[in-house]
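Coordinate inspection notes
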Amino acid sequence: MKFLRAIWPAILILAWAAGSAFAMSPPVFSDRDGAIRGHDPVAYFTEGTPLEGSPEFTHEWMGAEWRFVSAEHRDLFAEDPEAYAPQYGGYCAWAASQGYVASIDPEAWEIYDGKLYLNYSRRLHRRWTRDKPGNIAKADANWPGILE
């Protein structure tokens, strides 16, 4: 019983921290490879295809590491990250339109009206494209409140 009394404060702190950690998602989807699963956000615009970035060319923004294929791409992003960063923090655009967050597949993407949108899968991307303006309007209304 003395042991439980001694560790009880630590248990409460851990429980609170765990609850806090899961209460809010980070503002940018990131995994061990960084934002966009390590893909270069500028390449979607300049190359028209997803390209894996290099750990040699990185930039920290919005609490995430962003990787790039070149110093030029890194510098373009650093000058104006909002122009290249995916919408909804790089979370799935379809999920955001439905009121929740989900990870992404860097190959399930589209630039629409000058903005980069990513989706969980190619199948969900096809579903999202059926009503891009409607899904964007719903996601815009949900974002960033769904992170809370």
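Above: the structure in question.
Attention in this report is confined to the structure presented alongside it. (Residues numbered from 1 in each chain as written. Predicted model: local features only at pLDDT ≥ 70, side-chain atom pairs only at ≥ 80, totals over all residues. Heavy atoms only, no water.)

Along its length, the chain carries seven helices and six strands. Buried positions account for 39% of the 148 residues belonging to the chain. Looking at the chain alone, contacts between residues at least 24 apart form 56% of all its contacts between residues at least 6 apart. Just so you have it, the chain exposes about 8500 Å², and 55% of that area is on carbon and sulfur atoms. (Helix = DSSP H or I, 4+ residues; strand = E, 2+ residues; numbered from the N terminus. Buried < 20%, exposed > 50% of the residue type's maximum accessible area, 1.4 Å probe, protein only. Contact = heavy atoms within 4.5 Å. Areas by Shrake-Rupley, 256 points an atom, 1.4 Å probe, with all protein chains shown as cover.)

Now for the environment of Tyr91. By the secondary structure assignment, Tyr91 is in the loop between helix H4 (81–84) and helix H5 (93–98). Between the C-alpha atoms of Tyr91 and Tyr117, which are 26 residues apart in sequence, the distance is 8.7 Å.

It is worth spelling out the side chain of His39 at this point. Note that His39 resides in the loop between strand S2 (34–35) and helix H2 (41–46). Among the polar contacts made by the side chain of His39, one reaches the main-chain carbonyl oxygen of Arg37 at a distance of 3.3 Å. If we skip the residues at most four places from it in the chain, His39 touches Tyr44, Pro50, Leu51, Glu52, Gly53, Arg67 and Pro106. (Polar contact = N/O pair within 3.5 Å; in protein donor to acceptor, adjacent residues only side chain to side chain.)

The grouping of Arg123, Arg126, Arg127 and Arg130 at the surface amounts to a positive patch. Here Arg127 lies in helix H6 (residues 122–129). Of the residues examined, Arg127 reaches a relative accessible area of 36% and is grouped as partly exposed. (Patch = residues over 30% accessible without salt bridge, like charges linked within 9 Å, V, L, I, M, F, W, Y side chains within 5 Å. Salt bridge = Lys/Arg side-chain N within 4 Å of Asp/Glu carboxyl O. Lys, Arg positive; Asp, Glu negative; His and termini not counted. Charge placed at Lys NZ, Arg CZ, Asp CG, Glu CD.)

Turning to the pairing of strand S5 (residues 105–112), a few remarks are in order. Across five bridges, the pairing between S5 and strand S6 (residues 115–119) is antiparallel. Bridge pairing in S6 places Glu110 opposite Tyr117. Count of turn residues in the S5/S6 antiparallel hairpin: two residues, of which Asp113 carries a positive phi of about 55°. (Pairing = 2+ DSSP bridges.)

Further remarks concern the nonpolar core. As a rule of thumb, nonpolar side chains are buried together in soluble globular proteins. Ile36, Trp66, Phe77 and Tyr88 are the most contacted members of the largest nonpolar core, which totals 32 residues. Looking at this core, the elements that each hand over two or more residues are H2, strand S3 (54–61), strand S4 (64–68), H5, S6, H6 and helix H7 (132–142). Every residue in contact with Tyr88, bar those within four places of it in the chain, is listed here: Ala93, Ala96, Tyr117, Ile136, Ala139, Asp140 and Trp143. (Core = buried A, V, L, I, M, F, W, Y, C linked by side-chain atoms within 4.5 Å.)

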